[in-house]
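Listed below are the residues making up each chain.
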Amino acid sequence: MMQTLEAESCYRALSARDRRFDGLFFVGVSTTGIYCRPVCTARTPRQERCAFYRTAAEAEREGFRACLVCRPELAPGSAPVDSVPRLVATAVSRIEGGFLNESSIEGLAEALGVTSRHLRRAMEAELGVSPVELAQSRRLALARQLLQDTVLPLAEVAFASGFQSVRRFNALFQARFGRAPSSLRRERGKAEAARSLVLRLDYRPPLAWEQLLGFLRGRAIPGVEVVSETEYRRVVRLGGRTGWLGVRRDAKRHALLAEVSLSLAGVLMPVVARLRALFDLDARPELIAECLGRDALLAERLQVHPGLRVLGAFDSFEMTVRAILGQQVSVRAATTLAGRLVARFGEPLDTPHADLSRLFPTPETLAAASEDDVASVGLPGARARSLLAVARAIAEGSVRLESHVDVDATMAALEELPGIGPWTAHYIAMRALRWPDAFPASDLGIRKALGGVTAKEALARAESWRPWRSYAVLHLWTSLSEGAGG
């Protein structure tokens with residue numbers, strides 16, 4: 001059954017404009033027909049005029065239109081640990097990544113191993129909306145953002161948002177918002193002059209941006225990624241399209257700004273979903289701090305770096321290869337090996353940035369290589385065999401690296417591959433699977449940060465950190481002068 005919202009608690013959060021609840025519920029105002037985020041700066045309505053909903057799609061289903069002030073389409077989403085059944089969580093993740101833009105409800109249900117009827121019933125029971133209604137809500141949300149923040153022509157906005165027809169886009173937009181799409185268009189210059197789109201990605205503060213960039217900087221793959229003091233840039237291959245993007249902090253809001261090349265306009269939904277996962281933008285820092293702060297050491301680290309997130313992976317295969325390359329070598333050495341691998345097997349890509357020049361090889365490309373070819377970048381034979389085994393498992397589909405899969409089963413499947421032990425499996429789970437409770441207890445950095453304890457002692461101490469052990473790991477790593485791990 002769908003989790004109910006307690007009206008008194010929601011109204012208190014709304015009255016306080018408490019950012020901790022941003023994206024966790026929405027409020028529909030009966031006198032205006034508008035629904036808002038709980039942080040909206042508009043005048044707070046009287047409680048009897050408010051109805052509270054868990055999702056924007058549910059508010060829209062009840063006939064409310066999105067607020068133009070707080071812009072609900074920009075609200076942070078739910079964290080991976082939030083209490084939603086795995087089936088629904090996986091379906092939501094795939095829908096938000098654009099699955100239904102190219103496939104059907106039946107195709108989604110088949111991919112999840114259930115019937116379409118069961119999927120509809122599960123989502124309506126848990127979220128109050130059907131898969132189609134959620135997909136329409138997410139498409140319209142992206143369209144609103146593109147209309148207000150970019151200069152894309154209206155037809156391109158429709159297709160970039162996942163609609164297959166401009167007529168359908170116009171009709172649904174008019175029905176949902178009571179106005180034509182063109183009414184939201186802002187004058188921002190000529191579209192012909194634009195080489196990219198800039199999208200806003202809101203989060204719940206605080207966010208330890210400098211520390212996140214520092215973690216990525218040492219692990220950036222030459223030719224694929226570049227990390228400066230203020231920005232993360234990378235090349236992208238997604239859905240048959242290639243391009244580049246850059247992410248920086250918004251100086252005026254609790255948000256990141258993602259500049260995305262126009263060549264990726266057709267895959268913006270999965271690009272946004274992957275960026276939110278990479279920077280862990282849907283985390284709830286106050287809950288994490290409340291749990292970890294009971295440990296004296298972590299309480300001190302939380303004061304030093306409030307809002308430290310667990311970085312995910314924009315490309316799960318790329319991150320997994322990088323983790324394997326990092327086994328038993330320094331971070332710098334692993335970065336060098338990754339650069340050689342890209343130079344040997346990656347495809348060249350022209351971008352406006354000279355330091356972004358090659359695409360990371362696909363699982364299929366590496367799977368087709370010989371052991372000698374892979375080892376030629378400077379790897380021992382055992383490590384080359386490990387990379388080949390992972391590439392083939394992912395290419396064949398026997399291992400799926402995505403959020404909301406069965407973590408234990410996936411880690412067990414990874415550990416059956418040559419050269420993948422518990423440390424690597426936990427690190428992959430932490431980042432590629434977005435599992436907030438991963439804990440590679442044998443990691444030397446963790447044990448050193450805890451005072452030189454054994455792996456068994458580290459596990460015992462970390463028991464009270466559940467279900468946020470991954471965040472504790474990042475705090476322990478950053479407590480060292482040189483981060484440990486992958």
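For the structure, see preceding data.
This is a predicted model, so every value here is computed, not measured.

Peer 1: Explain the overall build of the protein to me, please; I cannot follow it from the model alone.
Peer 2: Within the protein, the regular secondary structure consists of 23 helices and eleven strands. Relative to its length of 486 residues, the protein is compact, with a C-alpha radius of gyration of 23 Å against a globular reference of 23 Å. Principal axes of the C-alpha set define a box for the protein whose edges measure 65 × 50 × 45 Å. A separation threshold of at least 6 residues defines the contact pool for the protein, and within that pool the share at least 24 residues apart is 69%. Split by element, the accessible area of the protein, about 20600 Å² in all, is 50% carbon and sulfur.

Peer 1: How should the sheet that holds strand β9 (residues 255-261) be read in this particular structure?
Peer 2: Across a sheet, paired strands are connected by hydrogen bonds in the backbone, their directions being either parallel or antiparallel. Strand order in this open sheet of five strands is β5-β9-β8-β7-β6, and the pairing throughout is antiparallel. Two strands in the sheet have a free side with no partner beyond their single neighbour: β5 (196-202) and β6 (225-227). Along the sheet, successive strands turn relative to each other by an average axial angle of 20 degrees, direction set aside. Of the strand pairs in this sheet, β6 and strand β7 (residues 231-238) are connected by three bridges, and their pairing is antiparallel. Within the sheet, the bridge partner assigned to V226 lies in β7 and is R233.

Peer 1: What is the right way to look at the nonpolar core in this model?
Peer 2: Nonpolar side chains tend to gather and get buried jointly when the protein is soluble and globular. Judged by nonpolar contacts, the single largest core of 135 residues is most densely connected at L146, L256, L275, F279, L292, V374 and W465. Considering each element in turn, this core owes the most residues, eight residues, to helix α18 (residues 381-396). Residue contacts for L256: discarding those within four places in its chain leaves L199, R200, L201, Y203, L207, W209, V247, R248, R249, D250, F279 and L281. Residues V88, I105, M123 and A135 belong to the second largest nonpolar core, which totals 17 residues.

Peer 1: Looking at this structure, how should I read unusual backbone geometry?
Peer 2: Working note: non-glycine residues mostly have negative phi, and peptide bonds are mostly trans. Following P205, the chain continues to P206 via a peptide bond in cis, the omega torsion being 0 degrees. At R71, a residue that is not glycine, the phi angle is positive and equals roughly 55 degrees. Relative to the helices and strands, R71 is located in the loop between β4 (65-66) and α3 (86-96). By relative accessible area, which is 5% here, R71 ends up buried. Unlike most non-glycine residues, D280 shows phi in positive territory, near 55 degrees. Residue placement: D280 occurs in the loop between α11 (268-278) and α12 (285-292). For D280, a relative accessible area of 3% puts it in the buried group.

How each quantity is defined
Residues numbered from 1 in each chain as written. Predicted model: local features only at pLDDT ≥ 70, side-chain atom pairs only at ≥ 80, totals over all residues. Heavy atoms only, no water. Helix = DSSP H or I, 4+ residues; strand = E, 2+ residues; numbered from the N terminus. Rg over C-alpha atoms; globule rule 2.2 N^0.38 Å. Contact = heavy atoms within 4.5 Å. Areas by Shrake-Rupley, 256 points an atom, 1.4 Å probe, with all protein chains shown as cover. Pairing = 2+ DSSP bridges. Axes fitted to C-alpha atoms, helices over the stretch in contact; angles between N-to-C directions. Core = buried A, V, L, I, M, F, W, Y, C linked by side-chain atoms within 4.5 Å. Buried < 20%, exposed > 50% of the residue type's maximum accessible area, 1.4 Å probe, protein only.

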